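# Coordinate inspection notes
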Amino acid sequence: MSKRWYQDNRRDAWRRIARSKGYRTRSAYKLKQIQDRFGVIRAGDCVLDVGCHPGGWLQVAVEESGDEGLVIGVDLLATSPVEGAMVIIGDITDDSSIERINATLGGREINVVVSDISPNLTGRYDTDQTISLELSTLVLDAAMRFIPAGGSFVTKIFQGTGIEGLVNAAKDRFSNVQRFSPTASRNSSSETYLVCQKRLSRVRPAARGKSALEQVNEHLSGLGILVEEVDEDEETIVGFRRLNKDE
Ligand SMILES: C[S@@+](CC[C@H](N)C(=O)[O-])C[C@H]1O[C@@H](n2cnc3c(N)ncnc32)[C@H](O)[C@@H]1O
């Protein structure tokens, strides 16, 4: 039997297990394995799940935070109701979504932000990895608007160019940052999770006055990957894409 056959079979095994236990996605087991290893969600916690559709992680977050917990999900796509969770349709990079999350909190404080966010994949690994790096970095910046000192953050990342920039930006903001690959992820996948615990009360000097996105862009520039700045109506939006040096 081919390696691919074993990988597909194992992936399907997780899907079967998830379905038999009533979880909407195989990914639910990735969060369960992160939880088993790091205990990021505690009973009574307020959890924000960024990129929550179709709701597998929301189900796990509701179980782990218990009756006293509060779980809020946000996604571009509508999610069928998950008992015990509140869901917002929106783009996490939009200020309007941040305002709606704040309004939903009703004065409570978010303890942990978890994110399995993924862009629409093109199938071209370099492009997908670059877009995903930017998206995960923007989620870190959004999470920093909510997480108090001591709080936790989990995000999906795809291995590749520039990832160290994001890992370093996380290390400037949290005292404990580790990469973790759940066995429920495909063996062939380059997907892994960045598990950040104990938000620092003050960012480390290298990050002072900078967003994580600015730090990642600086890291990419240091690697010789040019960063593009787009001016839109006086507002400067910083993003990156790969450019040929002579472009
Ligand atoms: C892999 S799915 C999440 C699966 C989920 N963890 C589960 O177990 O059900 C990734 C999600 O990220 C969402 N997403 C991508 N970009 C987003 C953005 N800018 N804001 C909010 N959600 C986004 C996608 O719509 C997609 O539903």
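Residue positions within a chain follow its written sequence, with the count starting from 1. Side-chain atom pairs in this predicted model are given and counted only at pLDDT of 80 or more, local residue features only at pLDDT of at least 70, and totals for whole chains, interfaces and linings cover all residues. To obtain the side-chain values, all non-hydrogen atoms of the structure were included, while hydrogens and water were left out.

On to the nonpolar core. Buried residues of nine kinds, namely Ala, Val, Leu, Ile, Met, Phe, Trp, Tyr and Cys, make up a nonpolar core once their side-chain atoms join them within 4.5 Å. The cut-offs for exposure are 20% and 50% of the maximum accessible area for each residue type, with area from a 1.4 Å probe on protein chains only; residues under the lower value are buried, those over the upper are exposed, and the others partly exposed. If you look at the biggest cluster of nonpolar residues, it comprises 38 residues, and the most contacted ones within it are Leu 48, Ile 92, Leu 140 and Phe 153. Once you skip the residues sitting within four places of it in the chain, Leu 140 turns out to touch Phe 153, Leu 166, Ala 169, Ala 170, Arg 173, Phe 174 and Ala 212. Counting residues in each nonpolar core, the second largest holds 26 residues, with Trp 14, Val 40, Trp 57 and Ala 85 among its members. Residue contacts are defined here by distance: any two heavy atoms, one from each residue, within 4.5 Å place the two residues in contact.

Between rings of Phe, Tyr and Trp, where Trp is taken as its six-membered ring, a pair exists when centres lie within 6.5 Å; planes separated by under 30 degrees are stacked, by over 60 edge-to-face, and by other angles tilted. Summed over all chains, the structure comprises five aromatic pairs. Where Trp 57 meets Tyr 193, the ring centres are 5.7 Å apart and the plane angle is 40 degrees; that geometry is what we call tilted. Taken together, the positions of Trp 57 in helix α3 (residues 56-65) and Tyr 193 in strand β7 (residues 191-199) put the pair 136 residues apart, joining distant regions of the chain. Accessibility expressed as a relative area gives 0% for Tyr 193, which makes it buried. Charges are assigned to positions over rings by a cutoff of 6 Å between ring centre and Lys NZ or Arg CZ, combined with an angular limit of 35 degrees from the ring normal. The positively charged end of Lys 32 is found above the aromatic ring belonging to Tyr 29, 5.7 Å away from the centroid. A run of H or I in DSSP counts as a helix once it spans at least four residues, and a run of E counts as a strand once it spans at least two, with each numbered from the N terminus.

With their axes 8 Å apart at the nearest point, helix α6 (residues 163-171) and helix α7 (residues 212-222) run at an angle of 140 degrees to one another. In this view, α6 runs oblique relative to α7, as classed from their interaxial angle. In this structure, the crossing between α6 and α7 has a hand that is right-handed. Contacts between α6 and α7 involve Glu 164, Gly 165, Leu 166 and Ala 169 on the former and, on the latter, Ala 212, Gln 215, Val 216 and His 219. In the scheme used here, Gly and all other residues not listed as nonpolar or charged are polar, with Ala, Val, Leu, Ile, Met, Phe, Trp, Tyr, Cys and Pro taken as nonpolar and Asp, Glu, Lys and Arg as charged. For the contact of α6 with α7, the per-class residue count stands at four nonpolar, three polar and one charged. Here the axes come from fitting lines to C-alpha atoms, over the contacting stretch only for helices, and the angles between their N-to-C directions go from 0 to 180 degrees. An angle counts as roughly parallel when it lies under 35 degrees, as roughly antiparallel when it exceeds 145, as roughly perpendicular when it falls between 65 and 115, and as oblique in every other case. By convention, the crossing between two helices is left-handed when the near helix turns anticlockwise from the far helix through less than a right angle, and right-handed when the turn is clockwise.

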